[in-house]
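# Chains, contacts and geometry: an overview
One-letter residues, chain by chain:
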Amino acid sequence: MAATEAHPRDRDSAPEGTDATGTGTDAAAGPPFADCVQCGEPTEYPVTRPGIVLCPVCEWQEAERSACSG
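Residue numbers restart at each chain and count upward from 1, following the sequence in its written direction. Where local features are concerned, this predicted model is filtered to residues with pLDDT of at least 70; where side-chain atom pairs are given and counted, the filter is 80 or more; whole-chain, interface and lining totals use all residues. Side-chain descriptors were evaluated using all non-hydrogen atoms of the structure, hydrogens and water having been removed beforehand.

### Notes on the pattern of salt bridges
Quick note on the threshold: Salt bridges, as used here, are contacts in which a Lys or Arg side-chain nitrogen is within 4 Å of a carboxyl oxygen on Asp or Glu. Numbering goes from the N terminus for both helices and strands, where a helix is a DSSP run of H or I of at least four residues and a strand is a run of E of at least two. Here's how the labels work: a residue is buried when its accessible area is under 20% of the maximum for its type, exposed when over 50%, partly exposed in between, all with a 1.4 Å probe on protein chains only.
Per the counting criterion, the structure on display carries one salt bridge. Between Glu 62 and Arg 65 there is a salt bridge, with the nearest N and O atoms lying 2.9 Å from each other. Of this pair, Glu 62 and Arg 65 both sit in helix H2 (residues 56-66), three residues apart, roughly one helical turn. The exposure class assigned to Glu 62 is partly exposed, which follows from its relative accessible area of 32%. Under the relative-accessibility criterion, Arg 65 is labelled exposed at 54%.

### Here we look at the packing of aromatic side chains
Quick reminder of the rule: Two aromatic rings, drawn from Phe, Tyr or Trp (for Trp, its six-membered ring), form a pair once their centres lie within 6.5 Å of each other, and the interplanar angle then sorts them: stacked below 30 degrees, edge-to-face above 60, tilted otherwise. We call a charge positioned over a ring when the NZ of a Lys or the CZ of an Arg lies within 6 Å of the ring centre and within 35 degrees of the ring normal.
Under the defined criterion, the tally for this structure stands at zero aromatic pairs. Here the guanidinium or amino end of Arg 49 rests over the ring plane of Tyr 45, the centre of that ring lying 4.2 Å away.

### Let's talk about the pairing of strand E2 (residues 42-46)
We count it as follows: DSSP bridges decide pairing: two strands pair if at least two such bridges lie between them.
Pairing geometry for strand E1 (residues 33-35) and E2, over two bridges, is antiparallel. Residue pairing across strands places Asp 35 opposite Pro 42, the latter belonging to E2. As consecutive antiparallel partners, E1 and E2 are separated by six residues, and within that stretch Gly 40 has a phi angle of approximately 85 degrees, a positive value.

This is how it looks when you write it as structure tokens:
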């Protein structure tokens, strides 16, 4: 099976109009999303959220940097 193909189970069970993860295929759906302040990628937060807004990748990296190492 090619890396780009969905698993047959996921492809058959996904509702009409959604992808295998269950989210809609329309990328513009939902509120306008804020851009990450570090990398500029879209985040999962609305533009109205106050404070520093990070994408999931930058959030994870920030958590790794600030975690107790000892």
